[in-house]
Amino acid sequence: MTTPPSKHAPGDRPAHPATAFQQLLRAQRVWDVELPGFDPATAPAAPLPLFHAWFAEAVAAGQAEPHTMGLATVAEDGGPDVRTVMLHDADDHGWHFASHATSRKGRQLAARPEAALHFYWPAQGRQIRIRGRITTAPHAESLADLHARSTGALAAALVGRQSEVLNSYEELEASSASAWERAQAEPDADAPTWTLYVLDPLEAEFFQGDARRRHVRLRYSRTEPTGTAPDDGWTKELLWP
């Protein structure tokens, strides 16, 4: 029996009907809101003031959890690793977040103290990417930051053992209950491995989405050594979307 000729050129993949997942995926809308404008000519000389302004605008726009961010580190095998963490501050020293030094990301940052942050605020079609070097705050400052947060945050820090293998969920429940009791009884309790990390930015990109895909991308790059005045030592340039 003769095989009918193929309707596809060599190397082409035949078209298939979209799967249920693909149909669901393609049905999702992007930025189904009125997007704000952004004139990069009015942007400040350094990224921190613009970050503060955009963060306040995200809060005002009703963006859920605008203080959460993606944290990318270099894994032990040299590959990338990423997770979502909470921003604790953004000041002249850098962008602050915290974790246990003994956690997976803590070990990765100790071995290679550099990272990237990513904020995505779809309520305004905005994202921010920041890359830089990582330093650790003194333990007293790390504890002060922890104690300024909720009882639940302290309890979670007291549980510790982050990233270790968990034998059973019941073991976690028992450890958490004990940590909650201690956190309520000792609001100034020490968490020895709890560490406040600070990312000193070398590069920051601000992305403003546009309904017609004419997105605005403004990149700040540091041209002076870190430790200079916050508004000094930055160049700005636009990027093609």
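A few points on the structure. (Residues numbered from 1 in each chain as written. Predicted model: local features only at pLDDT ≥ 70, side-chain atom pairs only at ≥ 80, totals over all residues. Heavy atoms only, no water.)

**Topic: the overall build of the protein**
- Helix and strand content of the protein: six helices and nine strands.
- Taken against the 2.2 N^0.38 rule, which gives 18 Å for 241 residues, the C-alpha radius of gyration of the protein at 23 Å runs more than 25% over that of a compact globule.
- Expressed along its principal axes, the backbone C-alpha trace of the protein runs to roughly 80 × 55 × 35 Å.
- Put simply, the protein has 241 residues, and 37% of those count as buried.
- Contacts in the protein between residues far apart in sequence, at least 24 positions, make up 63% of those at least 6 positions apart.
- For the protein, the exposed area adds up to about 14,700 Å²; of that, 54% sits on carbon and sulfur atoms.
- Considering the protein, the positive charge centre built from 23 side chains and the negative charge centre built from 31 side chains are found 11 Å apart. (Helix = DSSP H or I, 4+ residues; strand = E, 2+ residues; numbered from the N terminus. Rg over C-alpha atoms; globule rule 2.2 N^0.38 Å. Buried < 20%, exposed > 50% of the residue type's maximum accessible area, 1.4 Å probe, protein only. Contact = heavy atoms within 4.5 Å. Areas by Shrake-Rupley, 256 points an atom, 1.4 Å probe, with all protein chains shown as cover. Lys, Arg positive; Asp, Glu negative; His and termini not counted. Charge placed at Lys NZ, Arg CZ, Asp CG, Glu CD.)

**Some points on the pattern of salt bridges**
- Applying the stated criterion across every chain, the model contains 14 salt bridges.
- Among the salt bridges present, the one from Glu 171 reaches Arg 161, with a minimum N-O distance of 3.4 Å. Taken as a pair, Glu 171 in helix α6 (residues 169–185) and Arg 161 in the loop between α5 (151–159) and α6 lie far apart in primary sequence, ten residues in all.
- Since its relative accessible area comes to 29%, Glu 171 is described here as partly exposed. (Salt bridge = Lys/Arg side-chain N within 4 Å of Asp/Glu carboxyl O.)

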